[in-house]
Structures are given as structure tokens and as C-alpha cells.
Amino acid sequence: MAYLDNIAVFVRVVELGNLSAAGRDMRISPAVASNRIKELEKHLGVRLFNRTTRQLMPTEHGTVFYSGAKQVLDAIVEAEAAVAALSGQPRGTIRVTAPLGLGRRLIASGIPDFHDTYPDIEVRLRLSDHNVDILKEGIDVAFRLGVIEDSSLRMRGIMECERVLVASPKYLAARGEPTDCSELIGRKHDCLMLRYPGSREFFWMLQTPEGVVKFEVHGPFDSDDGDVLTEWALAGRGIINKPRFEVEPYIRDKRLQVILTKTPPTPVQFAAVYPHKKLQDPKVRLLLDFMADRCQKLIRDILAAK
């Protein structure tokens with residue numbers, strides 16, 4: 001098993017580009033990860049990485065070895081999944097990612113309950129509002145809000161979520177409530193956007209009598225954390241475009257007000273995406289079923305609360 005452990009560490013270092021990140025992901029220290037790479041290099045008789053101050057880049061030998069090593073590890077995972085399916089006892093680790101707000105509200109609280117139900121399955125949750133390359137980073141399941149464009153992934157739709165434009169009474173008193181969606185641009189309203197390297201939503205899609213229209217809105221600042229946008233809106237700093245379930249408690253207590261109700265944003269798809277091969281893994285199927293049922297109930301309860 002030591003040799004397989006060394007291979008597993010090598011693969012994660014290639015995928016994450018960093019010893020410390022790979023060590024954290026595999027719950028070992030950077031020193032242990034480094035020693036395993038050295039043992040593998042000694043066994044193979046070649047150098048596998050070029051070391052820089054910031055990143056480890058695979059050498060030509062490392063690139064060639066990675067391809068075969070990845071296939072070996074994938075084959076083992078698939079074999080273990082097949083055995084688990086036959087035995088009815090799924091076990092192993094699932095790597096999960098989700099946006100920050102969605103993850104905190106809906107996903108994170110369900111992980112302990114899922115583990116209580118399936119104690120032989122470990123879940124490692126990573127929350128980020130950035131687009132995570134799930135194939136490159138070895139993610140098993142990614143929960144997402146938005147358009148799913150990667151055709152190399154499978155998708156399981158969970159539910160379509162209503163979105164609303166909201167602002168605080170303080171902001172609307174100072175700037176005036178827009179009565180037409182064109183005023184978002186014409187009166188230069190402060191529209192707070194979720195932006196990060198590689199993000200694609202630099203606009204709002206609103207449902208008008210003429211059909212869905214793209215509005216290239218602007219604001220004085222943006223963030224890569226959706227909850228920060230909500231905090232700014234609560235402080236009277238601008239207008240945000242959010243899934244209703246995320247801001248419903250603030251709407252209910254009148255800290256935020258829904259605007260432009262006749263031209264609302266287009267709904268957003270809440271879905272889970274995963275690599276094609278993961279559909280055959282019983283522990284992934286169990287997590288998808290568990291989270292889909294749970295999240296649907298939580299969202300319905302949030303929207304129905306008085």
C-alpha cells in the first residue's frame with residue numbers, strides 16, 4: 001500500500017500544483033507528502049517535478065507518469081465502488097464543493113447527518129464562490145447555482161430557484177426606487193456584482209414584456225463572496241440579484257425590499273454536477289439523493305416560513 005499511497009500523493013500534487021495543498025487535501029503534513037514524492041522518484045529513478053518558489057511543475061517524466069498513475073487510481077476507485085455496490089456497504093471519501101452562501105445554508109449542515117446515516121463514508125467539503133475545475137482538482141460532486149456549460153460533466157437538477165432584485169430601505173430612500181428596469185443603467189444605480197477571475201455573469205438577465213433582456217449594470221465595488229454582497233446591500237450600499245431563498249429572511253423582516261417585481265431576474269438552476277464515471281459510484285449516488293431531498297425541503301421551508 002505504501003507505493004499506492006506515494007502514487008496518490010503524486011497525483012494530488014500534480015492536480016493542485018503544491019505540496020502543502022496536496023498534504024492538506026490528503027490530511028498529511030507537507031513533510032510527509034514531500035517524503036512520499038522523494039520515495040517515488042527514487043523508485044522510478046527520475047525527477048518528477050521542477051520546483052519553483054510557488055509551484056511544483058511536473059517534468060516530462062512526471063507528465064508521462066501522471067497519465068498512467070491517474071488511470072491506476074481511477075481503476076482502483078471503480079473496483080472499490082463495484083465491490084461496495086455488491087456488498088451494500090459504501091465506504092470511502094467524497095470530495096464536495098459548493099458556493100459559499102449555498103454551502104453554508106444548505107450543504108454544510110447536512111454533512112454530519114449524512115455521515116451519521118453512512119458512517120463509513122467521509123466527506124470533504126470545500127466552499128468557494130469561484131468556479132472550481134472539478135476534473136482537475138479531483139472533486140466528486142459540485143453543487144452549483146447557474147448555467148452548467150461543461151459537456152464533460154453529468155448534471156442532476158435539484159430545483160429551479162426564483163431570483164429577486166433587492167435593496168435596503170436606506171438605499172432606496174437615498175437613491176429612489178427604480179420603477180423601470182432601464183433606470184438601473186439610466187440612473188446609474190449601484191448594482192453589486194459577484195466577480196472573480198473567470199466569472200461570466202457581468203450582467204443581469206431580466207424578464208421583460210419584450211422577453212429576456214441583458215442589462216450590463218455597474219456598481220462602485222464588487223466581491224468574489226456572495227454573502228459580502230448581501231452584507232453591503234443590508235448596509236444600504238446597493239442593489240443585489242439573489243436567489244430568493246438566500247434573502248427571504250431579510251425580506252420578511254423588511255431589512256431588504258424586492259424591487260422591479262414586474263421585470264424579475266431569470267430563475268437560476270440549482271444542480272449537482274459530477275464526472276460521468278461517478279454515476280456508477282454508490283456513495284456518490286447516496287450523497288446526491290440525500291442532498292437533493294434535503295435541500296428541496298430546506299428551501300421550501302425557508303420560503304414558507306412566516
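Before going into details, it helps to say that this report is about the structure given with it. (Residues numbered from 1 in each chain as written. Predicted model: local features only at pLDDT ≥ 70, side-chain atom pairs only at ≥ 80, totals over all residues. Heavy atoms only, no water.)

1. Regarding the overall build of the protein
Regarding its fold elements, the protein presents eleven helices and 14 strands. A total of about 16,000 Å² of accessible surface is found on the protein, and carbon and sulfur atoms cover 52% of it. Treating the 43 positive side-chain charges of the protein as one cloud and the 40 negative ones as another, the clouds have centres 3 Å apart. (Helix = DSSP H or I, 4+ residues; strand = E, 2+ residues; numbered from the N terminus. Areas by Shrake-Rupley, 256 points an atom, 1.4 Å probe, with all protein chains shown as cover. Lys, Arg positive; Asp, Glu negative; His and termini not counted. Charge placed at Lys NZ, Arg CZ, Asp CG, Glu CD.)

2. Section: the nonpolar core
Formed by 26 residues in total, the largest nonpolar core has its most connected members in Leu106, Ile107, Val141, Phe143, Phe270 and Leu287. Breaking this core down by element, the ones donating at least two residues are strand E3 (92-98), helix H5 (100-107), helix H6 (110-117), strand E4 (121-127), strand E5 (141-145), strand E6 (153-161), strand E14 (268-275) and helix H11 (282-304). At seven residues, H11 tops the list of elements feeding residues into this core. If sequence neighbours within four positions are ignored, Leu106 has contacts with Phe245, Phe270, Arg294, Cys295, Leu298 and Ile299. Counting 18 residues, the second largest nonpolar core, distinct from the first, contains Ala8, Val9, Val13 and Ala22. (Core = buried A, V, L, I, M, F, W, Y, C linked by side-chain atoms within 4.5 Å. Buried < 20%, exposed > 50% of the residue type's maximum accessible area, 1.4 Å probe, protein only. Contact = heavy atoms within 4.5 Å.)

3. Regarding the sheet that holds strand E12 (residues 240-243)
Judged by pairing direction, the sheet is antiparallel, and its three strands sit side by side in the order E12-E7-E13 without closing on themselves. Looking at the sheet topology across the chains shown, the edges are occupied by E12 and strand E13 (257-259). Within this sheet the neighbouring strands show an average axis-to-axis angle of 55 degrees, counted without direction. Relative to E13, strand E7 (residues 163-167) is paired through three bridges, and the arrangement is antiparallel. (Pairing = 2+ DSSP bridges. Axes fitted to C-alpha atoms, helices over the stretch in contact; angles between N-to-C directions.)

4. Topic: the pairing of strand E9 (residues 204-208)
The alternating pattern of E9 places Trp204, Leu206 and Thr208 on a buried face, while none of Met205 and Gln207, on the opposite face, is buried. Here five bridges tie E9 to strand E10 (residues 211-215), and the two strands are oriented antiparallel to one another. What sits directly across from Met205, in E10, is Lys214. Hairpin connection of E9 to E10: two residues between the antiparallel strands.

5. Comments concerning the environment of Arg51
Tracing the chain through its elements places Arg51 in strand E1 (residues 49-51). Take Arg51: its relative accessible area is 47%, and that puts it in the partly exposed class. As a C-alpha pair, Arg51 and Asn18 span 33 residues in sequence and 9.7 Å in three-dimensional space. Apart from residues no more than four positions distant in its own chain, Arg51 is found in contact with Ile37, Glu41 and Leu56.

6. Considering the sheet that holds E3
Strands sit in the order E4-E3-E5-E14-E6 across an open sheet of five strands; the sheet is mixed. With partners counted over all chains shown, the strands left at the sheet margins are E4 and E6, one partner each. For this sheet the average axis-to-axis angle between neighbouring strands, irrespective of direction, equals 20 degrees. The sheet contact formed by E3 and E4 spans seven bridges and is parallel.

7. Side note on the packing of H6 against H11
It is at 11 Å that the axes of H6 and H11 come closest, and there the two elements cross at 130 degrees. As judged from the angle between their axes, H6 and H11 are oblique. Seen along the crossing, H6 lies across H11 with a hand that is right-handed. In contact with Gly110, Ile111, Asp113, Phe114 and Thr117 of H6, H11 contributes Lys283, Leu286, Leu287, Phe290, Met291 and Arg294. Grouping the constituent residues of the contact of H6 with H11 by class yields six nonpolar, two polar and three charged. (Parallel < 35°, antiparallel > 145°, perpendicular 65-115°, else oblique. Left-handed = near helix turned anticlockwise from the far one by under 90°. Nonpolar A, V, L, I, M, F, W, Y, C, P; charged D, E, K, R; others polar.)

8. Remarks on the pattern of salt bridges
Tallied over the full model, the rule gives 17 salt bridges. The partner of Arg105 in a salt bridge is Asp227, with the nearest N and O atoms 3.0 Å apart. With Arg105 in helix H5 and Asp227 in helix H9 (residues 226-234), this residue pair connects regions lying 122 residues apart in the sequence. The partly exposed category is assigned to Arg105, whose relative accessible area is 26%. Taking relative accessible area as the criterion, Asp227 reaches 13% and is therefore assigned buried. The salt bridge partner of Asp301 is Lys297, with a shortest N-O separation of 2.9 Å. Remark: Lys297 and Asp301 occur in helix H11; sequence separation between them is four residues, near one turn of the helix. One continuous salt-bridge network, built from bridges that share partners, spans Glu162, Arg244, Glu248 and Arg252. (Salt bridge = Lys/Arg side-chain N within 4 Å of Asp/Glu carboxyl O.)

9. Here we look at the packing of helix H10 (residues 244-252) against H11
As a packed pair, H10 and H11 sit with axes 9 Å apart at the nearest point and diverge in direction by 25 degrees. One finds that H10 runs roughly parallel with respect to H11. The element H10 and its partner H11 pack so that their crossing is left-handed. Within the contact between the two elements, H10 uses Arg244, Phe245, Glu248, Pro249 and Arg252 and H11 uses Ile299, Ile302 and Leu303. When grouped by side-chain class, the residues that make up the contact of H10 with H11 number five nonpolar, no polar and three charged.

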